[in-house]
Amino acid sequence: MEVLPKQEQVTPNFWKSKEDVEAVLGASYLRLRNSVSTLINWGELRAGSVYAFSGLNLRKLQNFQTTPLDDISDWATLYEVIGMANSVIKYAPDVLQKDETYLDIVMESHLTEAYFLRALAHFYLVRNFKDVPIVTEPYVDDSAPFDIGKSMETEVIEQIKGDIRTALGSGAAKGFFDIPDWPGASKGRATKWALYALMVDVCLWSEDYLTCTAYADSLIHATEARRPAFMTVREQWFEMFYPGNSNESIFEINWSGEGGLGQTDGSPSGIFSTAADATYQYSQSMAERLYAETEQGSVRAEWGAYVDLLNTGRREFRVWKYLGMGFSDPAAIRPFMDANWIVYRMADIMLMKAEALIWQGQRNYAEALALMNQVRVRAGLPELALFPESAEEEEMLNALFNERDMELAAEGKRWYDLLRFARTANNKYKAQVIDMIVEENETGNEQWIRSVLANDYAWYLPILEDELIANPLLTQNPYYGGTTN
Amino acid sequence: MKDLINRILIVAILLSAVTLAMAQTPRVVSGIVSEKINGVRTPIAGVNVSVVNAQNRTLAGTVTNVNGHYNVTIPGGEGDLEIVFSFIGMLAQRIDYSGQSTVNIDMEADDTMLEAVEISATRPNEMGITSRELVSAVQKVEMDELVLTRPVTSFEEALQGQLGGVDIITSGDPGARSSIVIRGTATLNANADPLIVIDGVPYNSSSTENFDFSTANEEDIGTLLNISPVDIESIEVLKDASATAIWGTQGANGVLLITTKRGQVGKTRFSFNSKYTRKTEPNTIPMLDGNEYTALMQDAIWNSVNYLGVGNLNYLNLLFDTPEIGYDPEWRYFDEYNQNTDWLSYVTQNAYTVENNLAMSGGGEKATYRISGGLLNDDGNTVGTKLRRISTTANINYQFSNKLRFGADFSYVQANRNASWTSTVRSEAFGKMPNKAPYFIDDETGELTDQYFMYHSPTWEGSFRTNTSGSNAANYNPVAMANEATNEEIDRNRRLIIRAEYNPFSGFTYRAYAALAMNSTNTMRFLPREATGVTWFNENSNLSSDNYSESLSIQTENLFNYTKSWNDTHRIAANAIFRTSQGTSSYYESTVSGLASSDVSDPVISPTVRYMRSGESESRSIAGVALVNYSLFDRYVLQGSINMESSSAMGRNRRLGYFPGVGFAWNIQDEPWLAGARDTWLTQAKLRLSYGQSGRSPRGSSIYLGAFSGGDSYMTMPTIHPIRIQLDNLKWENSTEYNYGFDFGILDNWFRFTFDYYVRKGWDLLQKDVRIPSTTGFEELAYLNSGEITNEGFEFRTDVVVFANRDWRISGYLNMARNENTIKKMPINQTEAAGVAEADANLENGSYVVRNIIGRPTGAFYGYRYLGVYSTADDTYARDAEGAVMNDVDGNPIRMRNGLYPVFPGDAIYEDINHDGVINKYDMVYLGNSNPTLTGGVGLNIRYKQLSVSAFFHGRFGQSVVNSARMSNEAMYSNRNQSTSVLRRWRNEGDVTDIPRALYQEGLNYLGSDRFVEDASFLRLKTLTLNFAFPRRVCNALGIASLGAFVSGYNLITWTNYSGQDPEVSIKNGLASDSATTPVSRRFACGINMNF
């Protein structure tokens, strides 16, 4: 009675060899790569430094008008990442029994990657939707119910931390991947460094500053030969983007680099453009800040973060990081090799550590300032004119978030920075952040944005209406309840 | 048919024959067979004379010569002989042989003229159950009556309206599939076609696995059954679940049991049928001529200019810079765009159908055979469509001994079907601008040349576009498309069935068959550049595709039957059936474009491959059925059955389905207390009750299996991702049916009445592509069991012989069926809220929303209520529930809005249900559903001596149809030509009319509203036939057995209020929408039927 199709590999015949495990793990990475355009939208548009020049749904997002009917808040791809990671976690031990060539240590290493992917995807979800379903079992057949309710943000964070700890605890997380055909493999796949970096980010988000700085130090003070290391040379700054997989990188999503520029699906090189009608552009306010850095001789401003090919006299800047070829020939457009998407790099870690230090109080301002200045000096900028003994917390934070804005421009971080800034310490700086958002926003109505952001839940995305219909256990995020039109 | 009855009589009489003494030596009997015509004895030629023994085995036989004389040798060694005289149209005569040397006999005409439809015969069926013992609703039609003298070419056309509860919608194109729905739609996503069984073997009609019938055009699907209807003896329909039980889950939608004609013992007979049919197009909708068209377009664009304000230059430029609709003699194509072209007349034609069938049958003591061949040439009313069918059958039955019999059937049918390349040819012709010429115009003479005019102005008419199947092709020259583009399908169908039957001892029968069916379909399509006018580099330039698909199915059945009776009190018929079936299919398709010339259409020669596809699939199923029928005193019948079935399409855990059935019948007329009535007037009074369950599996094989598929690589990692969730718990879609029936007949069945009431409840409905939470990592499930639907209805049929004597006979019949379909429980993936969201997205012209809502039938559709046209500016103000004009905060009256568009005089009025001044989704109302409430047929036969007239009417009532053709002919929104009814459109302030103003590409003047919903109830004089059977004298003189000649008409008169071309509209995607496909033609046929 069992008739197996010839075009497809069916579930009962899968999970037989280590290649099966690795292929599904690869698919999980691939799904993460597919979600990059979503991550750019979610990470940038609402903050306003980078805004959408066109696209109805993109503009609704940046104007805080997204409704549950707009598929811009579709989270499906991230749950696909999770689903495949879950499959690896569940079935790799079975494969171990069947495939004699599958070594225990190799399996454990695969598991650490799967835990990383699962944790990272959950982390993106929790930052964008707050309370979300935690999925830790793969769905392979119809035996388990498909409906699942939301977990509290704190539970999700605990789950993420637990995954990272499990992965690190096995000791199988690799320091590097030695794959001759792909020199950047150590950056394109999850290493223990990537796990550390994720933990830094998660702890900062959950205001667990001691753990945050501890893990940051594991990266900053690492001594292994093949570790990610902060690149101190100003001229090397652009190497992070071209050719990519730089020394500084901790984890970045790799594209094939074959074909012409923007040819492979979803690469930042294809998403960002220098055209007059480019979808993603820097806001006027951001452009002014970037221009000011250029005046100061920063490497990360003109021909770094941005380009002004239009020369209209106005600050109409386009994102350049993913399109150029670097310091020696700043105006050259990369002919091929689509840019990677950097998820974590050392400067990010250093600034996150600095932030954690600042939140912990004045006694740490000096150390924080030193970290910030390290990043600034590398860019070719003077040190900050702040004095740790006398600086206010708000001053320090403003400087820090500005530093992150400049250093990590268009790297999909800005919205989470602002959200963190606003919500940390019981919304201590919420009003200031709203001012910043309003200041930055190019397309929305000020009163509207102010009134919307007064509601804490409006800072998060709605769950798609289709999702709610398909899953009765889900409830709409509070701000969006009943606003189905 | 009469032979069949004769055979039955022979069996019946023989079984009760009294044993007689017999002669021992071979002798010869001779004599003359004659018939008394007007008191004069006239010899008959061709009468079968057979000598049979007590087992009814034919020992010798002959046929009378022209003088009615015969000689037959009586074989020795056997006693208990009879001589049987039989002839078509005559009562068989049986004479006990007691040593006579001369037997002269007068035959008598068979006056018990048989009706086209009758309750199935009295002989036990394959299960050993007689009609008296049947517990379920069964109806049977004899095909000769329906096919031989009527202008029909398929069995569906013949059956239309004949069988209560069998709703058939035929299609107008030759060889296109008809839709057959038995007792309403009971499933949403599983196969809804009835099972066709030919001579006991299920006929596998599903073309390719995974074929999505819900989205396919009927043109895409081949005919249900590729067999010449002339080869069919009779068709029986099994409707309720206890009847279909033995056919397993395949029969869940009802079963059509087809019995083909077989050979009979006797001299070789030939039968020849020839039919010649002329088909004409029903009246078309009158369209605007060239001048009216250009005037309308200018009006429409000018209105849009005003609508947006004169500042909007787009429409102004369009109005002044479009030479196609302006008068510009300097323009190079001025001549070609100043014509009066009736495009539809170029793509339609009067067509002819010729059908010839020849069959040879006969047999001797050991073997009988029938061989037939037929040729059908059926041209369609749309230019370029035709069907050519060659059908051959051969069947042989061989009696090895009284205990063992073998048989083999072979058939080969080849159908060559030419269809239009695109199904939109007619609608394109309807909408084509009438001032344009189909051909270039000779500058000198002003006459049309023979060169197709290929120019399409991109700004006005738009460039050619299409999907690969051609189902939405637009902007082409329909004349070139109909004449030059090809879509030829060659369907070859081979079937071989081998049968064996063994009776080791009395009462026990073992029957088995193995059936092999091979089907190959080759479709060749070519779209020449002449038709589309695209550039050489366009992907649709000289597009050619070849599609080859092949399927093979092997079926086996083993049946054990045991029948026994005790003291005429108890009778039992027990059956065990075991069936297997296996099917494989594969296809290959390639499509290329850019062929160098229209003369080269083979896809192998091309430079540009657009795509190639291939696939294969396999499915298997096994079923075991046990059925016991018990009757007490021959009056009370109890039947129980159980079907166990397992299919490769089902999930692992629920693969085996159990479907029980029980039934009870009471032959009331045989009760002792009714003896008086029975002897005088009561022929039959039978009560039937039955209950049964049935199941349906999803289409395709192994669809329940989870699957992985490869994707792009990530860095050096090859990737494989899961694409489907495994459905281990996929269940059979289940249905339960209760049937209550009553059969009643009086005065030797001069009046007969059959009534059935049924309730069928389907649950665990198979929902396809069900959206599931994306937290699972998947978007959807292939199938999910959810939802509940019921069909409830009744059927009745009555047959009356009004008057009969030797010369006259007037009889008639009427059948009617009503089915009501209701959704009882919502499938979990569909909520009413989702319907509303969908409606919101659909505030657009021309679309209706089909919603499944509890308490409503499937195919219920929603839209706006059309109230006419705003005559004056005053009318356009929004009014509240009391009818007072609504004002804004400044006290100014608010103008109504249709969606985002403010309305102006001349725009459509829709009822503002919630009185908010805006027409939007909240003003949507239920408009109707696509299910007919009543279907039926009425037949009338009048015979006077040799001449007979029969009329048959078919009717369907209460179906709400969206007249899409009228919608696009009255929308005045695009550059399509419109029907003449738009001449009464609103033009000036104060005009009171029902047709809104012309408004080019603006406004919402043809929202899906009740304006285009029509009641497509109709009653049709389907056939009217005049048949003349030549007198036997003439036949004898010609040396033939019988000869009939007929003339008949088809679709002669239709009584309907429906304004479209044809009220027979089938349901597509839940909506009965009339989009001007080829209407069923009006036909006249004449022909002869001859036996010799």
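As the structure is a computational prediction, the values presented were derived from the model and not from experiment.

What counts as what
- Residues numbered from 1 in each chain as written.
- Chains lettered and ligands numbered in written order.
- Predicted model: local features only at pLDDT ≥ 70, side-chain atom pairs only at ≥ 80, totals over all residues.
- Heavy atoms only, no water.
- Helix = DSSP H or I, 4+ residues; strand = E, 2+ residues; numbered from the N terminus.
- Rg over C-alpha atoms; globule rule 2.2 N^0.38 Å.
- Buried < 20%, exposed > 50% of the residue type's maximum accessible area, 1.4 Å probe, protein only.
- Contact = heavy atoms within 4.5 Å.
- Areas by Shrake-Rupley, 256 points an atom, 1.4 Å probe, with all protein chains shown as cover.
- Polar contact = N/O pair within 3.5 Å; in protein donor to acceptor, adjacent residues only side chain to side chain.
- Patch = residues over 30% accessible without salt bridge, like charges linked within 9 Å, V, L, I, M, F, W, Y side chains within 5 Å.
- Salt bridge = Lys/Arg side-chain N within 4 Å of Asp/Glu carboxyl O.
- Pairing = 2+ DSSP bridges.
- Buried area = accessible area lost by both parts, 1.4 Å probe.
- Nonpolar A, V, L, I, M, F, W, Y, C, P; charged D, E, K, R; others polar.
- 1 Å grid on protein atoms, 1.4 Å probe; cavity = no way out; pocket = protein on both sides within 12 Å on 5 of 7 lines; lining within 4 Å.
- Points joined across faces, edges and corners; volume = space filled by probe spheres on them.
- Expected span 1.5 Å × (residues − 1).
- Axes fitted to C-alpha atoms, helices over the stretch in contact; angles between N-to-C directions.
- Parallel < 35°, antiparallel > 145°, perpendicular 65-115°, else oblique.
- Left-handed = near helix turned anticlockwise from the far one by under 90°.
- Arc of directions from axis to C-beta.
- pLDDT = per-residue confidence, 0-100.
- Phe/Tyr/Trp six-rings, centres within 6.5 Å; stacked < 30°, edge-to-face > 60°.
- Lys NZ or Arg CZ within 6 Å of the ring centre and 35° of its normal.

## Regarding the overall build of chain A
Per the secondary structure count, chain A includes 18 helices and 7 strands. Computed over its C-alpha atoms, the radius of gyration of chain A comes to 22 Å, within 12% of the 23 Å expected for a compact globule of 485 residues. Its C-alpha atoms give chain A principal-axis dimensions of about 75 × 55 × 50 Å. For chain A, the proportion of its 485 residues judged to be buried stands at 62%. In chain A, 71% of the contacts between residues at least 6 apart in sequence involve partners at least 24 apart. Only carbon and sulfur atoms are counted for the fraction: they give 50% of the accessible area of chain A, which is about 17300 Å².

## Comments concerning the overall build of chain B
When helices and strands are counted, chain B shows 14 helices and 56 strands. Along the three orthogonal principal directions, the C-alpha set of chain B runs to about 115 × 70 × 70 Å. Across the 1092 residues that make up chain B, the buried fraction comes to 56%. If you take every contact in chain B between residues at least 6 apart in sequence, the share linking residues at least 24 apart comes to 71%. Accessible surface, chain B as shown: approximately 43000 Å² in total, 55% of it carbon and sulfur.

## Looking at the side chain of Asn254 of chain A
Here Asn254 of chain A lies in the loop between strand S3 (249–253) and helix H10 (268–271). Only 2.8 Å separates the side chain of Asn254 of chain A from the side chain of Asn245 of chain A, close enough to count as a polar contact. In terms of polar contacts, Asn254 of chain A uses its side chain to reach the backbone carbonyl oxygen of Glu252 of chain A, at 3.0 Å. Excluding residues within four positions of it along the chain, Asn254 of chain A makes contact with Arg33, Trp182, Gly184, Lys187, Gly188, Asn245 and Asn340 of chain A together with Tyr714 and Met715 of chain B.

## With respect to a nonpolar patch on the surface
All names here are of chain B. A grouping of Val800, Val802, Phe803, Trp808, Leu940, Ile942, Tyr944, Leu947, Val949, Leu1024, Leu1026 and Val1047 is seen on the molecular surface, where their side chains present a nonpolar patch of about 930 Å² in accessible area. Of all elements in the fold, only strand S38 (788–804), strand S48 (934–944), strand S49 (947–957) and strand S52 (1018–1029) reach the threshold of two or more residues within the nonpolar patch. On the secondary structure map, Phe803 appears in strand S38.

## Notes on the sheet that holds strand S40 (residues 849–850) of chain B
Remark on secondary structure: sheet strands pair via backbone hydrogen bonds, oriented parallel or antiparallel. All names here are of chain B. Spatially, S40-S41-S47 is the arrangement adopted by the 3 strands of the open sheet, whose pairing is antiparallel. The sheet is open, and its two borders are formed by S40 and strand S47 (925–929), each paired with just one other strand. Strand direction decides the pairing type here: S40 and strand S41 (residues 860–863), joined by 2 bridges, are antiparallel. Across the sheet, the residue bridging to Val849 is Tyr862, located in S41.

## With respect to the interface of chain A and chain B
Contact with chain A, which involves 54 residues of that partner, is made by 54 residues of chain B. Both faces considered, chain A and chain B share a buried interface measuring about 4500 Å² in area, 60% of it formed by carbon and sulfur atoms. The interface formed by chain A and chain B holds 2 salt bridges in total. Of the charged contacts, one joins Arg771 of chain B and Asp466 of chain A as a salt bridge, the two residues approaching to 3.6 Å between their closest N and O atoms. Taken together, the connections running from chain A to chain B amount to 12 residue pairs in polar contact (both at pLDDT 80 or more). Those elements that place two or more of their residues in the side of chain A that touches chain B are strand S1 (9–10), helix H1 (18–34), helix H4 (76–98), helix H7 (185–188), S3 and helix H18 (465–470) of chain A. For the side of chain A that touches chain B, the element with the most residues is H1 of chain A, which contributes 10 residues. In terms of residue class, the side of chain A that touches chain B is built from 30 nonpolar, 9 polar and 15 charged.

## Some points on the pattern of salt bridges
A full pass over the atoms with the stated rule returns 81 salt bridges over all chains. For Arg31 of chain A, the salt bridge identified is with Glu80 of chain A, shortest N-O distance 2.3 Å. Remark: Glu80 of chain A occurs in helix H4 and Arg31 of chain A occurs in helix H1; sequence separation between them is 49 residues. With a closest N to O distance of 4.0 Å, Arg760 of chain B and Glu737 of chain B form a salt bridge. Placement of the pair is Arg760 of chain B in strand S35 (residues 751–763) and Glu737 of chain B in strand S34 (residues 733–746), with a sequence separation of 23 residues.

## Here's the deal with the sheet that holds strand S44 (residues 901–902) of chain B
Residues and elements named next belong to chain B. The 3 strands are arranged S44-S43-S46 in an open sheet whose pairing can be described as mixed. Looking at the sheet topology across the chains shown, the edges are occupied by S44 and strand S46 (918–919). Alignment of strand S43 (residues 897–898) against S46, held across 2 bridges, turns out to be parallel. Bridged to Arg897 within S46 is Val918.

## Side note on the environment of Arg226 of chain A
All names here are of chain A. On the secondary structure map, Arg226 appears in the loop between helix H9 (209–220) and S3. On a C-alpha basis, the gap between Arg226 and Pro138 in space is 34 Å, while along the polypeptide they are 88 residues apart. Residues in contact with Arg226, not counting those within four places in the same chain, are Gly175, Phe176, Asp178, Ser186 and Trp193.

## As for empty space enclosed by the protein
Residue and element names in this part refer to chain B. In total, this model carries 18 cavities of 30 Å³ or more according to the counting rule given. The computed volume of the largest cavity comes to approximately 260 Å³. Every residue lining the largest cavity is counted, 25 residues in all, and those nearest its centre are Glu1064, Val1065, Asp1074, Thr1077 and Thr1078. Residues that form the lining of the largest cavity fall into these classes: 8 nonpolar, 10 polar and 7 charged. Put simply, the second largest cavity is a space of about 220 Å³. Lining the second largest cavity are 20 residues, with Ile198, Ile227, Thr260, Thr393 and Ser411 sitting closest to its centre. For the lining of the second largest cavity, the leading source of residues is strand S21 (residues 404–418), giving 4 residues. The residue inventory of the lining of the second largest cavity, partitioned by class, reads 7 nonpolar, 6 polar and 7 charged.

## Regarding helix H5 (residues 290–308) of chain B
Counting along an α-helix, one turn takes 3.6 residues, and residues three or four places apart therefore face a common direction. Residues and elements named next belong to chain B. With 19 residues, H5 ought to run about 27 Å at 1.5 Å a step, and its terminal C-alpha atoms sit 27 Å apart, in line with that. All of the buried residues in H5 are Gly290, Tyr293, Thr294, Leu296, Met297, Asp299, Ala300, Ile301, Asn303, Ser304, Val305 and Tyr307. Looking at the packing, one finds that the buried side of H5 touches helix H6 (313–320) and S44. For H5, the capping residue at the N-terminal end is Asp289, with a side-chain oxygen 3.2 Å from the backbone nitrogen of Asn291.

## Things to note about the packing of helix H8 (residues 192–205) of chain A against H9 of chain A
All names here are of chain A. Contact geometry of H8 with H9 gives a least axis separation of 8 Å together with a crossing angle of 155°. Considering their axes alone, H8 and H9 lie roughly antiparallel with respect to each other. Between H8 and H9 the crossing geometry is left-handed. In this structure, H8 contributes Trp193, Tyr196, Ala197, Met199, Val200, Cys203 and Leu204 to the contact, and H9 contributes Tyr209, Thr211, Cys212, Tyr215, Ala216, Ser218 and Leu219.

## A few points about the packing of H4 of chain A against helix H5 (residues 104–129) of chain A
Residues and elements named next belong to chain A. One way to put it is that H4 packs onto H5 with a least axis distance of 8 Å and a crossing angle of 160°. With respect to each other, H4 and H5 are oriented roughly antiparallel. You can see that H4 and H5 cross each other, and the crossing is left-handed. Of the residues in H5, those in contact with Leu78, Tyr79, Val81, Ile82, Ala85, Asn86, Val88, Ile89, Ala92, Pro93 and Leu96 of H4 are Asp104, Met107, His110, Leu111, Ala114, Tyr115, Leu117, Arg118, Ala121, His122, Tyr124 and Leu125. Looking at the contact of H4 with H5 residue by residue, the class counts come to 18 nonpolar, 3 polar and 2 charged.

## Some remarks on helix H16 (residues 430–440) of chain A
Residues and elements named next belong to chain A. When H16 is considered as a whole, its buried residues turn out to be Lys430, Val433, Ile434, Ile437, Val438 and Glu440. Seen along its axis, H16 keeps its buried residues to an arc of 165°; they face one direction. Turned more than 90 degrees away from the buried face of H16, the exposed residues are Ala431 and Glu439. If you follow the buried residues of H16, they end up packed against helix H11 (284–295), helix H15 (414–427) and helix H17 (446–453).

## Side note on the confidence of the model for chain A
On average, residues of chain A carry a pLDDT of 90, and 97% of them reach 70 or more. By mean pLDDT, S1 of chain A is the weakest element of chain A at 81, and H8 of chain A is the strongest at 96.

## Concerning the packing of aromatic side chains
For the coordinates displayed, the defined rule picks out 68 aromatic pairs over all chains. Centre to centre, the rings of Trp75 of chain A and Phe129 of chain A are 5.0 Å apart; their planes meet at 70°, and the pair counts as edge-to-face. Here Phe129 of chain A lies in helix H5 and Trp75 of chain A lies in the loop between helix H3 (56–62) and H4, a separation of 54 residues in the sequence. For the pair shown, Trp75 of chain A and Phe129 of chain A are each scored as buried. Through a chain of ring-to-ring contacts, the aromatic side chains of Trp237, Phe238, Phe241, Phe272, Tyr280, Tyr322 and Trp341 of chain A assemble into a single cluster. Positioned above the aromatic ring of Trp193 of chain A, the side-chain terminus of Lys192 of chain A is 4.9 Å from the ring centre. Of note, Arg1011 of chain B hangs over the ring of Tyr866 of chain B, and the distance from its end group to the ring centre comes to 5.1 Å.

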